[in-house]
Amino acid sequence: MSQVITTRLAEKGLTLPSPAAAVANYVSAVRSGTHVWVSGQLPMRDGELLSLGAVGAEVSVADAVRCAELCALNALAAVGTVAELSSVVRVVRVGVFVSSRPGFDQHAIVANGASDVMIAAFGDAGRHARAATGASSLPLGAPVEVELLVEVG
Amino acid sequence: MSQVITTRLAEKGLTLPSPAAAVANYVSAVRSGTHVWVSGQLPMRDGELLSLGAVGAEVSVADAVRCAELCALNALAAVGTVAELSSVVRVVRVGVFVSSRPGFDQHAIVANGASDVMIAAFGDAGRHARAATGASSLPLGAPVEVELLVEVG
Amino acid sequence: MSQVITTRLAEKGLTLPSPAAAVANYVSAVRSGTHVWVSGQLPMRDGELLSLGAVGAEVSVADAVRCAELCALNALAAVGTVAELSSVVRVVRVGVFVSSRPGFDQHAIVANGASDVMIAAFGDAGRHARAATGASSLPLGAPVEVELLVEVG
């Protein structure tokens, strides 16, 4: 069934990555009742960050959109470590942190990179509540970090 | 029944705004089980930000309190798009992001602007867990952003 | 039963503080259904912050780890105000905000201070989803703030 999700993403040119290994004392995703909570995901592909630095400074908004998209794909891969993606009945919340300096104001455009992945994967069930904010810095120097909460059935 | 909430707010001189229209791939609020998750709300009134810039820099703490209040009212209006306000049995969490520079330390005062709205609306059921933090920047240059989670019955 | 948790922590040299009093219109923790939501906790001991300033600037990473540890202990004490610690069946999410300047990239190391407390207290049930991000400033000038969500049975 999760094949449907993979196919939908492929139609948009998106590929689900292998989930990153659980690290130390925290894990990629936790299932609690009917919800799956996903750890903050970085724009990491094959162990390397796609871009490095603050958005609007070292990283362009266009590149940051690609980063947000990759974070979101990594988040879906993380869901897959504790639940079938086909069991997702609703994307509940997406949190997007954008590494940025004072004066930056394009958070919504960057965050759309993540939101669009949810719609590509789940259609109407992918429509979610969202908080996009600016971070003074992010782990490993990443430009974007994305958190995810989904309801599973 | 939601009339009660409106009246309580009016007694404090507060008016519930019309909810902002759902935008693109994310929505103002999602109901999942017995909870309503509200997207990060900005201090937007009639399509314009109440203030612009960082708190403690371009925006005074007093003005930021008004912004937090408006964000909170917008958050309640967003709850109303997916549930009756009178069905709220508990305000669970309020997240307050304060756009600020290094050295700013008045987050709690700003966040009280949002917290007070919850008590005005719901009395004891409005008492919530809260996280107030500093953001390097916020969408559209807003000084404050408020997220909300409520339990509905 | 919560004695077990206290003992486990003591074996690691960790002591559960007295919970901070609930302040004004928000509270230390809210129970909603089978979950306990804890307010953002600061590295406060006996009414004073352990350190003051940004991590990587005024505060060393090593000191910030101790701060994260203290925040996490305060968070567990807050859980105890609304539920027995022995009723915790899973630590669901830990949110770690690190006060920092552009270029800081050691968030994961700081956040481990909080994550390790959860494992010390709950063993495997302490493994959680986590988001670690950089804040431009934090309440009272704190270097670290930790939010907590646990499932209780």
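Residues numbered from 1 in each chain as written. Chains lettered and ligands numbered in written order. Predicted model: local features only at pLDDT ≥ 70, side-chain atom pairs only at ≥ 80, totals over all residues. Heavy atoms only, no water.

Caption draft 1: Broad picture of the sheet that holds strand E2 (residues 35–41) of chain B. Residues and elements named next belong to chain B. Strand order in the open sheet formed by 5 strands is E1-E2-E7-E5-E6, and the pairing between neighbours is mixed. The open sheet is flanked by strand E1 (29–32) and strand E6 (129–135), the only strands paired with a single partner. Going across the sheet, the axis of each strand differs from the next one's by a mean of 15 degrees, ignoring polarity. Those strands touched by helix H3 (residues 107–122) are strand E5 (88–99), E6 and strand E7 (144–152), and its axis lies near 160 degrees from that of E5. (Pairing = 2+ DSSP bridges. Helix = DSSP H or I, 4+ residues; strand = E, 2+ residues; numbered from the N terminus. Axes fitted to C-alpha atoms, helices over the stretch in contact; angles between N-to-C directions. Contact = heavy atoms within 4.5 Å.)

Caption draft 2: Region of interest: the relation of the copies chain B and chain C. The two copies are related by a screw motion: chain B maps onto chain C through a turn of 120 degrees and a shift of 0.0 Å along the axis, at an RMSD of 0.0 Å. The transformation relating the two chain copies, once decomposed into turn and shift, fits a three-fold axis. (Least-squares fit on C-alpha atoms with pLDDT ≥ 70 in both.)

Caption draft 3: Quick look at helix H3 (residues 107–122) of chain A. All names here are of chain A. In this model, H3 (16 residues) spans 23 Å end to end at C-alpha, consistent with the 22 Å of a helix rising 1.5 Å per residue. The sharpest bend along H3 reaches about 30 degrees and sits at Gly113. Taken together, the buried residues of H3 touch helix H1 (2–11), helix H2 (61–79), strand E5 (88–99), strand E6 (129–135) and strand E7 (144–152). Phi for Gly123, located one or two positions after H3, is positive at around 65 degrees. (Expected span 1.5 Å × (residues − 1). Bend = angle between axes of the 7 residues up to and from the residue.)

Caption draft 4: Expanded view of the interface of chain A and chain C. Taken together, the 23 residues of chain A in the interface contact 29 residues of chain C. Counting each side, the surface lost to burial between chain A and chain C is near 2000 Å², with a carbon and sulfur contribution of 55%. Counting across the chain A and chain C interface gives 1 salt bridge. Glu147 of chain A is the salt-bridge partner of Arg93 of chain C, the closest N and O atoms lying 2.5 Å from each other. Summed over the shared surface of chain A and chain C, the number is 13 residue pairs in polar contact (both at pLDDT 80 or more). Of all the secondary-structure elements, those providing two or more residues to the side of chain A that touches chain C are strand E1 (29–32), strand E2 (35–41) and E7 of chain A. It is E2 of chain A that contributes the most residues to the side of chain A that touches chain C, 4 residues altogether. Among the residues forming the side of chain A that touches chain C, the class breakdown is 12 nonpolar, 8 polar and 3 charged. (Buried area = accessible area lost by both parts, 1.4 Å probe. Salt bridge = Lys/Arg side-chain N within 4 Å of Asp/Glu carboxyl O. Polar contact = N/O pair within 3.5 Å; in protein donor to acceptor, adjacent residues only side chain to side chain. Nonpolar A, V, L, I, M, F, W, Y, C, P; charged D, E, K, R; others polar.)

Caption draft 5: The pairing of E5 of chain A, seen in detail. Residues and elements named next belong to chain A. With respect to burial, E5 is a largely interior element, 10 of its 12 residues being buried. Inspection of the sheet shows E5 paired to E7 by 9 bridges, in the antiparallel sense. Counterpart to Val98 in the pairing with E7 is Val144. On the question of chirality, the crossover connecting E5 to the parallel E6 by way of H3 is right-handed. (Buried < 20%, exposed > 50% of the residue type's maximum accessible area, 1.4 Å probe, protein only. Right-handed = clockwise from strand over helix to strand, strands pointing away.)

Caption draft 6: Summary view of the state of the cysteines. All names here are of chain A. Throughout the structure, instances matching the rule amount to 0 disulfides over all chains. In this structure Cys67 is not part of a disulfide, and its nearest cysteine sulfur, from Cys71, lies 6.5 Å away. Of the residues examined, Cys67 reaches a relative accessible area of 0% and is grouped as buried. (Disulfide = S-S within 2.5 Å.)

Caption draft 7: Representation of the sheet that holds E1 of chain A. All names here are of chain A. Spatially, the 5 strands line up as an open sheet ordered E1-E2-E7-E5-E6, and their pairing is mixed. In this open sheet, the two edge strands, each paired with only one partner strand, are E1 and E6. Ignoring which end each strand starts from, the neighbouring axes of this sheet average 15 degrees apart. Pairing geometry for E2 and E7, over 5 bridges, is antiparallel. Its bridge partner lying in E7, Val36 is registered against Val150. Strands in contact with H2 are E1, E2, E5 and E7; relative to E7, the strand with the most contacts, it is inclined by about 40 degrees. Relative to E5, H3 is tilted by about 160 degrees, and along the sheet it contacts E5, E6 and E7.

Caption draft 8: The arrangement of the packing of aromatic side chains in detail. Inspection of the entire model under this criterion finds 3 aromatic pairs over all chains. Among the aromatic side chains, those forming a connected cluster through ring pairs are Trp37 of chain A, Trp37 of chain B together with Trp37 of chain C. The positively charged end of Arg130 of chain A is found above the aromatic ring belonging to Tyr26 of chain B, 3.9 Å away from the centroid. (Phe/Tyr/Trp six-rings, centres within 6.5 Å; stacked < 30°, edge-to-face > 60°. Lys NZ or Arg CZ within 6 Å of the ring centre and 35° of its normal.)

Caption draft 9: Representation of the side chain of Ser137 of chain B in the model. Residue placement: Ser137 of chain B occurs in the loop between E6 and E7. Given a relative accessible area of 2%, Ser137 of chain B falls into the buried group. Of note is the side chain of Ser137 of chain B, whose polar atom sits 2.6 Å from the side chain of Ser100 of chain A.

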